[in-house]
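# Structure assessment
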Amino acid sequence: MRLAFVVQRYGLEVAGGAELHCRWIAERMAARHHVEIFTTTALDHTLWTAGYPAGTSTVGGLPVHRFGLARARDPRALAALSSRVFAQAHTRDDEEAWVRANGPESPELVAAVATARERFDAFFFFSYRYYHSYFGVPAAGRKAILVPTAEEDDAIELGVFAELFRKPRAIAFNTVEERALIARVTGGTAAPGDVVGCGLSLADAGTAPPARERFGLRDPYLLYLGRIEPNKGCATLFAYFRKWLEEQSPAVDLVLAGKAAMEIPEHRRIRALGFVSEAEKVALLSACQALVMPSPYESLSLVLLEAWRMGVPVLANGRCRVLRGQCERSGGGLAYRGYEEFAASADALLGDPGLRAALGRQGRAYVESEYSWERVVGRLEGLIGA
Amino acid sequence: MADPFVAPDGSVDVTKVMEALRERIRRRGADLPVDQVVARRLEALADEAELGPDVLGPLLRGERGWNLDPDYPLKTHRSGPAAWFVVGLKKLARPFVRFYTDPIVARQAQINLYLLRVVETLLEETTRLQRAAAERKDAP
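Scoring rules and cut-offs
Residues numbered from 1 in each chain as written. Chains lettered and ligands numbered in written order. Predicted model: local features only at pLDDT ≥ 70, side-chain atom pairs only at ≥ 80, totals over all residues. Heavy atoms only, no water. Axes fitted to C-alpha atoms, helices over the stretch in contact; angles between N-to-C directions. Helix = DSSP H or I, 4+ residues; strand = E, 2+ residues; numbered from the N terminus. Parallel < 35°, antiparallel > 145°, perpendicular 65-115°, else oblique. Contact = heavy atoms within 4.5 Å. Nonpolar A, V, L, I, M, F, W, Y, C, P; charged D, E, K, R; others polar. Buried area = accessible area lost by both parts, 1.4 Å probe. Salt bridge = Lys/Arg side-chain N within 4 Å of Asp/Glu carboxyl O. Polar contact = N/O pair within 3.5 Å; in protein donor to acceptor, adjacent residues only side chain to side chain. Buried < 20%, exposed > 50% of the residue type's maximum accessible area, 1.4 Å probe, protein only. Pairing = 2+ DSSP bridges. Patch = residues over 30% accessible without salt bridge, like charges linked within 9 Å, V, L, I, M, F, W, Y side chains within 5 Å. Areas by Shrake-Rupley, 256 points an atom, 1.4 Å probe, with all protein chains shown as cover. pLDDT = per-residue confidence, 0-100.

### Comments concerning the packing of helix 1 (residues 17–29) of chain A against helix 15 (residues 373–384) of chain A
For any two helices packed against each other, the geometry is given by the interaxial angle and the distance between the axes. Residues and elements named next belong to chain A. As a packed pair, helix 1 and helix 15 sit with axes 11 Å apart at the nearest point and diverge in direction by 85°. On the basis of the axis angle, helix 1 is roughly perpendicular to helix 15. Between helix 1, through Trp 24, Ile 25, Arg 28 and Met 29, and helix 15, the contact on the second element is made entirely by Trp 373, Val 376, Val 377, Leu 380, Glu 381 and Ile 384. Tallied by class, the residues present in the contact of helix 1 with helix 15 amount to eight nonpolar, no polar and two charged.

Spelled out as structure tokens, the structure:
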């Protein structure tokens, strides 16, 4: 089959989120089908400033068609529209204006999808909330398959997205919680779909020196992987961790690996390593006591699955339904609500190697059974034939 | 000694682990003075409402500074001399704006303090009642 993948950004430099999810799936599907990527020239996800030239290039052996942006994101305009559509009486036009302001606005990309419609058997659109999906799904018609990567935030409540979820041929959900969320906002009238998730493509840690030596980590540590920003729950994590240190003085560090988009508190037990390579990430995971995932909004959390794939237990924010559901289904992590449960769960994990090992074992078994590539690819192919 | 959370077959029920941890927290709370329990419950509620630690800390310490600040920051998206000019103009205008906004802000601040006191009192009373009920239940 001929398959097109449509996503807001694409490239080896984009190391997380729905974009990485898209790249992994596209590369796997390419082993059995003809695959092409349709995307924008954006590299930066906050302002959508261009970081790639427009035109066709090759990434990981796949043709990537990049289209220019009509404009960069204007944060002030987006904030003003967000206040209106999320908190005040507003019209459908206001919501469409929000989608345009959210971007990345590339009418050329949408036009290219419409033109290429006859050349492909299916178009996979990643992330419902962006311009390319909202305007691209109707352009692809019944060949559109939406991978929403939806979270329990304000955007999901907008009426224009309920309309969008009814339009594609099928929806590939990440989790059962995401399917329930979309069923709620559409009143049960969303397009049919299946819980697909994503397989994992872990780098070989053997190419990186052991994490403790490489980064000078002497004490046991909890690991946070990903963008360091308040939206990911990092401000709360810092507050909890510091309070826990003040109250109980555990000999443990909090190690952060990822790009910082907020101020990181100065503390001898908080170690920010900045952006790390895939091999270094795997090395860090293999040496940590547990992965900590404080995000209140997640649609899947690939790092959670990566940790479990390596037999690492997880300490996750239980206020996020997806994280709590994943921890309970897998038996691979403890899901806390509030500071006291965070401190109690962290104490239990650090003080009980048997518990850590059992959680890691259960997490690994869950990922191997539910998120194998064979299973993911099989379910996606099932959706194309739906 | 057997691991308290791991079953003999090596498996763990994470729901039961969290239940056991919550029970430990509850039992620890039973030994604390009422004011500390109230502080912890306020903290948990603020946490649930996603009130940041910068707001929460002064609030729990009873500092008046946590309340609404009538001064608003002066910002501009412009840069260079235009920014100096615009911020200067806004500085000049601010006392006149505050002439109208201060009474409203002050009134909201009073309401906030009143509501905080009401919530604290209710939490104190419910904590005392819960303890009394627990003692009565445990009595022979």
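### Concerning the interface of chain B and chain A
In this complex, chain B contributes 23 residues to the contact, which on the side of chain A involves 30 residues. Counting each side, the surface lost to burial between chain B and chain A is near 1,900 Å², with a carbon and sulfur contribution of 53%. Looking at the side of chain B facing chain A, the largest losses of area belong to Val14(B), Met18(B) and Asp47(B), adding up to 26% of the total buried there. Taking the shortest distance from any N to any O, the salt bridge between Arg28(B) and Glu340(A) comes out at 3.7 Å. Taken together, chain B and chain A are joined by five residue pairs in polar contact (both at pLDDT 80 or more). For the side of chain B that touches chain A, the secondary-structure elements that each account for two or more residues are helix 1 (14–30) and helix 2 (34–48) of chain B. Tallying contributions element by element places helix 1 of chain B first for the side of chain B that touches chain A, with eight residues. Per-class residue counts for the side of chain B that touches chain A are eleven nonpolar, four polar and eight charged.

### Thoughts on the pattern of salt bridges
All names here are of chain A. The final tally for this structure, using the stated rule, is 32 salt bridges over all chains. Where Glu 19 meets Arg 9, a salt bridge forms, and the shortest distance between an N and an O atom there is 2.9 Å. In this pair, Glu 19 sits in helix 1 while Arg 9 sits in the loop between strand 1 (2–6) and helix 1, placing the two residues ten residues apart along the sequence. We note that Glu 19, like Arg 9, is buried. Asp 94 is paired through a salt bridge with Arg 84; the nearest N and O atoms lie 3.1 Å apart. A residue pair is termed long-range when its members are at least 10 positions apart, and Asp 94 in helix 3 (residues 92–102) and Arg 84 in helix 2 (residues 75–87) qualify at ten residues. Using a relative accessible area of 35% as the deciding quantity, one classes Arg 84 as partly exposed. A network of salt bridges, in which partner residues are shared, links Arg 2, Glu 36 and Arg 119.

### Comments concerning the sheet that holds strand 10 (residues 253–257) of chain A
Residues and elements named next belong to chain A. Taken in spatial order, the six strands line up as 11-10-9-12-13-14 in an open sheet, and their pairing is parallel. Two strands close off the open sheet at either side, each with one partner strand: strand 11 (270–274) and strand 14 (333–336). Taking the axes of each pair of neighbouring strands and ignoring which way they run, one obtains an average angle of 25° across the sheet. Along the sheet face, helix 10 (residues 278–287) touches strand 9 (221–225), strand 10, strand 11 and strand 12 (290–293) and points at about 145° away from the line of strand 9. Sheet strands in contact with helix 11 (residues 302–309) are strand 9, strand 12, strand 13 (314–317) and strand 14, and its direction is about 170° off that of strand 12.

### A short note on unusual backbone geometry
Glycine aside, residues mostly have negative phi, and peptide bonds are mostly found in the trans state. Residue and element names in this part refer to chain A. Here Gly 103 and Pro 104 are connected by a cis peptide whose omega angle stands at -10°. Mapped onto the elements of the fold, Pro 104 is located in the loop between helix 3 and helix 4 (107–116). At Thr 149, a position not held by glycine, the phi torsion is positive, near 45°. Looking at the element boundaries, Thr 149 is found in the loop between strand 6 (144–147) and helix 6 (159–164). Positive phi outside glycine occurs at Ser 301, with the angle close to 70°. Relative to the elements of secondary structure, Ser 301 occurs in the loop between strand 12 and helix 11.

### What to know about the environment of Arg271(A)
All names here are of chain A. Its location among the elements puts Arg 271 in strand 11. Judged by relative accessible area, which is 25%, Arg 271 ranks as partly exposed. Separated by 147 residues in the primary sequence, Arg 271 and Phe 124 place their C-alpha atoms 39 Å from one another. Excluding its chain neighbours within four sequence positions, the residues that come into contact with Arg 271 are Phe 215, Gly 216, Leu 217, Asp 253, Leu 254, Val 255 and Leu 256. Polar contacts involving the side chain of Arg 271 include one to the main-chain carbonyl oxygen of Gly 216, which spans 3.3 Å.

### Quick word on a nonpolar patch on the surface
Among the surface-exposed residues, Phe85(B), Leu89(B) and Leu92(B) lie close enough to one another that they form a single nonpolar patch of about 350 Å² accessible area. Mapped onto the fold, Leu89(B) is located in helix 4 (residues 81–138).

### Considering the sheet that holds strand 5 (residues 122–126) of chain A
All names here are of chain A. Ordered by their spatial adjacency, eight strands build an open sheet running 3-4-2-1-5-6-7-8, and the pairing between neighbours is mixed. A strand with exactly one partner marks an edge of an open sheet, and here the two such strands are strand 3 (55–59) and strand 8 (193–195). Averaged over all pairs of adjacent strands, the angle between strand axes in this sheet comes to 25°, irrespective of strand direction. Bridge analysis of strand 1 against strand 5 gives four bridges, and the strand direction is parallel. Bridging across to strand 5, Ala 4 finds its partner in Phe 123. The strands that helix 5 (residues 131–140) touches are strand 1, strand 5 and strand 6; relative to strand 5, the one it contacts most, it runs at about 165°.

### Some words on the confidence of the model for chain B
Per-residue pLDDT for chain B has a mean of 83; in total, 89% of the residues score no lower than 70. Within chain B, helix 1 of chain B carries the highest mean pLDDT (91), whereas helix 3 (residues 53–60) of chain B carries the lowest (68).

### Here we look at helix 10 of chain A
Residue and element names in this part refer to chain A. Of all ten residues in helix 10, eight are buried; the element is thus mostly enclosed. Of all the residues in helix 10, the buried ones are Ala 279, Glu 280, Lys 281, Val 282, Ala 283, Leu 284, Leu 285 and Ala 287. Buried residues along helix 10 sit in contact with helix 8 (211–215), strand 9, strand 10, strand 11, strand 12 and helix 11.

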